[in-house]
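Notes for the structure review
Listed below, chain by chain, are the residues.
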Amino acid sequence: MVKRTFLAEDERRPGCTHVLLMTTGSVASIKAPLIVSELLSYRAVKVEVVSTKPSLAFFDVGAVERAGARVWRDEDEWTEDGAFRIGDPILHIELRRWADIVIIAPCSANTLAKIASGICDNLATSLLRALAPTTSTYVFPAMNTLMYEHPLTSEHIRVVREVIGYNVVGPIGKTLACGDIGLGAMTEWKDVVQVVVDKFGLVRKNTA
């Protein structure tokens, strides 16, 4: 595998809104290509996607890339060939330097628990642990209803909101992918995009 590199100072563009979309191990990750495509329909927006390994089972990476964003995986962080040298760029640090806003959509029960506990055992959670507190971060939980109603979930959400200072949006009630009906579904993907649009006052590209 050829290691890809990312340097924030080379990738940031003046006047652009830099959106980092994070996908985790929930079936709602299937919405990633739609979120990326919609975000990139606005002027002066750049999107990078960081995906946990479980989330990659739910969407077509090629569709995201064709829409105009790159997907970064755990394997992009470190190689096993001993090629890293002191002074080399570290991916989770460069990506957090690049981002104006981080959108965790969907945020699975597992990743929510990791964030609340300060665990950083993959690219996504390492990036979040290294994130500056001034970077706007939005968490969109998505899980089975009984997982959402588990007593630890409310505590994790409290920590994420009150201790870490992230914005938690949703979940919503609907028929879930597993067939259960109840609270736990990710906020509608268009509403996820609207959070970014409203925050930065984004304007659609001229399609005429």
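Let me begin by describing the structure that accompanies this report. A quick note: this is a predicted structure, and the numbers were derived from the prediction, not measured.

Thresholds applied
- Residues numbered from 1 in each chain as written.
- Predicted model: local features only at pLDDT ≥ 70, side-chain atom pairs only at ≥ 80, totals over all residues.
- Heavy atoms only, no water.
- Disulfide = S-S within 2.5 Å.
- Buried < 20%, exposed > 50% of the residue type's maximum accessible area, 1.4 Å probe, protein only.
- Salt bridge = Lys/Arg side-chain N within 4 Å of Asp/Glu carboxyl O.
- Helix = DSSP H or I, 4+ residues; strand = E, 2+ residues; numbered from the N terminus.
- Contact = heavy atoms within 4.5 Å.
- Phe/Tyr/Trp six-rings, centres within 6.5 Å; stacked < 30°, edge-to-face > 60°.
- Lys NZ or Arg CZ within 6 Å of the ring centre and 35° of its normal.

Defined simply, a disulfide is a covalent bond joining two cysteines at their sulfur atoms. On inspection of all chains with the given rule, the structure shows zero disulfides. Free of any disulfide, Cys120 has its nearest neighbouring cysteine sulfur in Cys107, separated by 15 Å. Overall, the relative accessible area of 39% leaves Cys120 in the partly exposed class.

Turning our attention to the pattern of salt bridges. For the coordinates displayed, the defined rule picks out 10 salt bridges. Note that Glu38 and Arg204 form a salt bridge whose closest N and O atoms lie 2.5 Å from each other. Linking Glu38 in helix H2 (residues 32–39) with Arg204 in the segment after helix H10 (189–200), this pair joins segments that are 166 residues apart in sequence. For Glu38, a relative accessible area of 19% corresponds to the buried category. Between Arg158 and Glu162 there is a salt bridge whose closest N-O contact spans 3.5 Å. Of this pair, Arg158 and Glu162 both sit in helix H9 (residues 151–164), four residues apart, which is roughly one turn of that helix. Residue classification places Arg158 among the partly exposed residues on the basis of a relative accessible area of 33%. A single salt-bridge network, built from bridges that share partners, covers Glu11, Glu48 and Arg70.

What follows concerns helix H5 (residues 91–98). Of all the eight residues making up H5, six are buried; the element is thus mostly covered by neighbouring parts of the structure. Buried within H5 we find Leu91, His92, Ile93, Glu94, Leu95 and Trp98. Those residues of H5 hidden inside the fold are in contact with helix H1 (8–11), strand S1 (17–23), strand S2 (45–51), strand S3 (70–72), helix H4 (74–77) and helix H7 (123–130).

Enumeration over the complete set of coordinates arrives at two aromatic pairs. Taking 6.2 Å as the distance between ring centres and 80 degrees as the angle between the ring planes, the aromatic pair formed by Phe6 and Trp98 counts as edge-to-face. A residue pair is termed long-range when its members are at least 10 positions apart, and Phe6 in the segment before H1 and Trp98 in helix H5 qualify at 92 residues. Each member of the pair, Phe6 together with Trp98, is buried. Through successive ring pairs, a cluster of aromatic residues spans Phe6, Trp72 and Trp98. Geometry around Trp72 places Arg4 over its ring, the cationic atom sitting 4.2 Å from the centre.

Scope: geometric values only; no functional claims are made or implied.
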